[in-house]
Amino acid sequence: MKPSVLERHMQTGIQVLLVALCIWAGAQLVKLGQQSVVLEERLTTQGLMLNELRQELREWGDTYYRATDARRELDQIENRIDNLNSRVSALEGGL
């Protein structure tokens with residue numbers, strides 16, 4: 001049995017629609033691939049910038065006097081002064 005003209009036109013229309021959908025899906029995949037490459041490049045650039053900032057922080061740590069170091073040394077000096085004061089007081093009390 002031979003398909004009618006309407007059936008053939010419907011089959012052709014469905015085939016055209018499927019081909020158009022495949023082309024659209026392919027274009028979207030290409031677009032997503034390009035966006036992925038752009039994002040990967042940005043991540044690489046940010047990683048490099050992060051490494052540079054870490055290096056700068058290390059260099060600053062060597063250059064600047066940190067507050068925790070200053071507090072520790074100040075505490076040591078104050079302890080030594082307190083020890084000297086107690087020794088002087090002990091000597092003055094013995095005279």
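Please read all numbers here as calculations on a predicted model, not as lab measurements.

Participant: Describe in detail the overall build of the chain, supporting the description with residues and values.
Facilitator: If you tally the helices and strands in the chain, you get 2 helices and 0 strands. Its C-alpha radius of gyration of 40 Å places the chain more than 25% over the 12 Å reference for a compact globule of 95 residues. The C-alpha extent of the chain, read off along each of the three principal axes, is 135 × 25 × 15 Å. Residues counted as buried form 1% of the 95 residues belonging to the chain. Only carbon and sulfur atoms are counted for the fraction: they give 62% of the accessible area of the chain, which is about 9,100 Å². Across the chain, the 11 positively charged side chains and the 13 negatively charged ones have centroids separated by 13 Å.

Participant: Mind laying out the environment of Thr-68, listing which residues take part and the relevant values?
Facilitator: Turning to its location among the elements, Thr-68 is positioned in helix H2 (residues 67-94). Residues Thr-68 and Gly-47, spaced 21 residues apart in sequence, show a C-alpha to C-alpha distance of 30 Å.

Participant: Describe the environment of Gln-76, and please don't skip the residues or the numbers.
Facilitator: Take Gln-76: it is sitting in helix H2. The class of Gln-76 is partly exposed, set by a relative accessible area of 45%. With 55 residues separating them along the chain, Gln-76 and Leu-21 place their C-alpha atoms 77 Å apart.

Each value, and the rule that gives it
- Position numbers for residues count from 1 along each chain, tracking the sequence in the order it is written.
- Given that this is a predicted model, residues contribute local features only at a pLDDT of at least 70 and side-chain atom pairs are listed and counted only at 80 or more, while totals for whole chains, interfaces and linings are drawn from all residues.
- Working from all heavy atoms in the structure, the side-chain values ignore hydrogens and water.
- In DSSP terms, a helix is any run of H or I states spanning at least four residues, a strand is any run of E spanning at least two, and both are numbered starting from the N terminus.
- Only C-alpha atoms enter the radius of gyration, while the globule expectation follows 2.2 Å times N to the 0.38, with N the number of residues.
- Remark: exposure states derive from per-residue accessible area (1.4 Å probe, protein chains only) relative to the maximum for the residue type, with buried under 20%, exposed over 50%, and partly exposed in between.
- Only the protein chains shown count as covering a residue, and every accessible area follows the Shrake-Rupley method with a 1.4 Å probe.
- Only four residue types enter the charge count: Lys and Arg as positive, Asp and Glu as negative, with His and the chain ends excluded.
- Where a charge sits is defined by one atom per residue type, namely NZ (Lys), CZ (Arg), CG (Asp) or CD (Glu).

In short, shape yes, function no, at least from these values alone.
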